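# A structural walkthrough
One letter stands for each residue in the lines below.
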Amino acid sequence: MDIGTPNAAPARRRQSRRRMRKWLTALAAALAVVFAGVWQLIPASAQQTGGFSIEGTQLIDANGNPFVMRGSTHPDVWYQSEFASFGELSDLGANTVRVVLGSGLRSWGATSPARVQQIVDECKAQQLICVLEVHDTTGYGEDAAAITLDQAVTYWESVLSVLEGEEAYVLINIGNEPIGNNNPQQWTQATVNAVDRMRDIGYEHTLVVDAPSWGQDWAHVMRDNAPTVAAADPLGNTLFSVHMYQVYGTPQTVIDYFDAFEEMNLPLIVGEYADTHQGSTVAWATIQSEAQARGIGWIAWSYSGNNDPILDQVLGFDPNRMTTYGERVFNSQYGIGNTAERASVFGDDPGPTTPTTSPTGEPTTGGPTEGDCTAKITVAGSWGTGWQGNVSVTADQGAVDGWRLTWTWAGSTRITSSWNADLTASGANVIAEDVGWNAAVASGQTREVFGFIASSPTGTPTVTCEAI
């Protein structure tokens with residue numbers, strides 16, 4: 001494969017500048033450790049501009065808006081003749097497509113720079129955010145044919161010229177499921193090294209890193225070492241990806257994993273999941289409902305073409321032959337059709353309102369007048385000792401740019417954990433306020449804004465909503 005060789009002198013100068021930038025931002029991160037503790041390792045000033053970035057647990061698009069992935073995977077390297085899948089996924093409502101690429105070091109061959117360019121162009125034409133992944137790392141240490149993360153980075157180096165400038169439309173998933181079950185602890189240093197080298201090469205994109213143990217992280221290696229990997233990125237722009245299959249067969253396993261990243265204030269997506277896997281049930285409904293309540297992105301595996309068709313969302317790459325699993329991905333209550341929103345970089349959203357100053361000198365938002373609101377609690381799921389509630393806000397008369405909710409439990413119900421709200425409780429009385437990114441609700445629209453876990457008995461009290 002002829003990928004071309006750039007002039008060596010300019011490349012050395014670029015590398016020198018990048019290493020100086022990296023050194024300065026690493027110094028800033030180190031000082032942050034001293035003064036702010038481990039969870040403050042990633043200063044906001046270190047984040048890149050012009051593309052996707054990370055703010056706490058949230059993925060932020062180039063216009064400054066939160067972006068929540070709702071999509072599927074297309075195995076392009078194995079089915080290059082099925083290029084129509086991109087348009088089909090867009091028509092089904094997906095806002096993201098994860099695309100399988102090959103480095104050339106495994107039997108399925110290489111995805112050329114020209115093909116990568118074609119894929120990115122098609123994603124943009126179909127208003128899909130592209131998550132590009134090298135699949136050749138799958139199960140390294142257990143699968144003898146798998147390549148290392150370092151070898152995957154060498155592939156990314158070969159296509160850098162195609163991907164530079166696409167930071168607003170493309171995320172780089174360095175390597176799929178990069179470690180098997182043998183010695184998953186090697187994941188941490190291998191991932192740190194891969195992130196470090198990707199930045200040295202010149203990638204400024206959001207980097208997506210998959211968990212070890214075939215992506216499922218059952219030994220919690222990624223969960224326990226995510227702060228170390230996050231701190232290693234001088235741009236503070238790394239997104240963590242767990243693959244949820246049979247390890248996540250009960251609602252509580254999903255909730256616990258999501259809770260861990262929320263408590264660390266680190267960003268997480270479900271990079272793969274299915275409704276069943278290898279004969280075991282996956283808690284897919286909880287993955288969807290919890291992700292919706294928390295603003296966590298997900299990408300279901302996969303559109304079509306699997307050896308086991310139980311993992312196909314449509315049969316034979318035909319959207320008219322949707323499977324039961326496909327119906328769950330695209331048409332369930334929290335599926336793509338009901339929850340996906342296009343990235344604002346495609347023009348659906350002009351971006352956050354920039355504060356201005358009124359003639360009297362008073363700051364204004366420049367946006368619509370805040371209106372009245374209503375809110376309600378819905379039950380997403382329940383079990384013997386507890387239940388999950390999701391809370392939505394409706395802007396009844398004009399847009400809402402901030403909200404405060406209050407309610408009183410009728411009996412002994414109490415909240416045991418919550419996400420995406422500033423929540424205080426005194427006995428049966430609860431007050432919940434927005435946390436900034438989820439404050440806005442457009443006029444006439446309903447938005448699910450946060451969720452919680454509560455003790456039994458299950459109840460849906462009347463909620464008072466105040467626009468603030």
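For the structure itself, look to the data block above.
Quantities reported herein were computed from a predicted structural model and do not represent experimental measurements.

### Comments concerning the environment of I377
Looking at the secondary structure, you find I377 in strand 15 (residues 372–383). With relative accessibility at 6%, the residue I377 sits in the buried group. Sequence separation of I377 and V463 is 86 residues, and the distance between their C-alpha atoms is 7.5 Å. Every residue in contact with I377, bar those within four places of it in the chain, is listed here: W387, G389, N390, V391, W407, W409, F452, T460, P461 and V463.

### Observations regarding the packing of aromatic side chains
The final tally for this structure, using the stated rule, is 18 aromatic pairs. A ring pair is formed by W407 and W409, whose centres lie 5.8 Å apart and whose planes are at 85°; its orientation type is edge-to-face. Each member of the pair, W407 together with W409, is buried. Among the aromatic side chains, those forming a connected cluster through ring pairs are F240, Y248, Y257 and F261. The lysine or arginine in question, K124, covers the ring of Y169, its NZ or CZ lying 4.7 Å from the ring centre. Of note, R294 hangs over the ring of W419, and the distance from its end group to the ring centre comes to 3.8 Å.

### Points about the sheet that holds strand 18 (residues 415–419)
Taken in spatial order, the four strands line up as 15-16-21-18 in an open sheet, and their pairing is antiparallel. What marks the edges here is a single partner per strand, and that holds for strand 15 and strand 18. The mean angle between the axes of side-by-side strands here comes to 25°, regardless of whether they run parallel or antiparallel. Relative to strand 21 (residues 446–455), strand 18 runs antiparallel, the two sharing four bridges. By the bridge assignment, S418 is partnered in strand 21 with F452.

### Re the sheet that holds strand 20 (residues 429–433)
The strand order 19-20-17-22 describes an open sheet built from four strands, whose pairing is antiparallel. Sheet topology places strand 19 (422–426) and strand 22 (464–467) at the edges, where each strand pairs with a single neighbour. Adjacent strand axes in the sheet meet at a mean angle of 15°, parallel and antiparallel pairs treated alike. Relative to strand 20, strand 17 (residues 403–408) runs antiparallel, the two sharing five bridges. Across the sheet, the residue bridging to L405 is A432, located in strand 20.

### So, the nonpolar core
Residues L132, W156, L163, I174, F240 and M244 are the most contacted members of the largest nonpolar core, which totals 78 residues. Not counting chain neighbours up to four residues away, the residues in contact with F240 comprise W187, V209, M222, A226, V229, A230, F261, P267, L268 and I269. Judged by nonpolar contacts, the second largest core, of 23 residues, contains V393, W409, A428 and C465.

### Brief notes about unusual backbone geometry
Negative phi is the rule for most residues except glycine; trans is the rule for most peptide bonds. In this chain, W301 is followed by S302 through a cis amide linkage whose omega measures -20°. Mapped onto the fold, S302 is located in the loop between strand 12 (297–300) and helix 10 (324–331). Put simply, S456 and P457 share a cis peptide bond, and its omega is 5°. As for its position among the elements, P457 is in the loop between strand 21 and strand 22. Positive phi, close to 55°, is recorded for F317, a residue that is not glycine. Tracing the backbone through its elements, the reader meets F317 in the loop between strand 12 and helix 10. Look at F317 and you get buried, because its relative accessible area is 8%.

What counts and what doesn't
Residues numbered from 1 in each chain as written. Predicted model: local features only at pLDDT ≥ 70, side-chain atom pairs only at ≥ 80, totals over all residues. Heavy atoms only, no water. Helix = DSSP H or I, 4+ residues; strand = E, 2+ residues; numbered from the N terminus. Buried < 20%, exposed > 50% of the residue type's maximum accessible area, 1.4 Å probe, protein only. Contact = heavy atoms within 4.5 Å. Phe/Tyr/Trp six-rings, centres within 6.5 Å; stacked < 30°, edge-to-face > 60°. Lys NZ or Arg CZ within 6 Å of the ring centre and 35° of its normal. Pairing = 2+ DSSP bridges. Axes fitted to C-alpha atoms, helices over the stretch in contact; angles between N-to-C directions. Core = buried A, V, L, I, M, F, W, Y, C linked by side-chain atoms within 4.5 Å.

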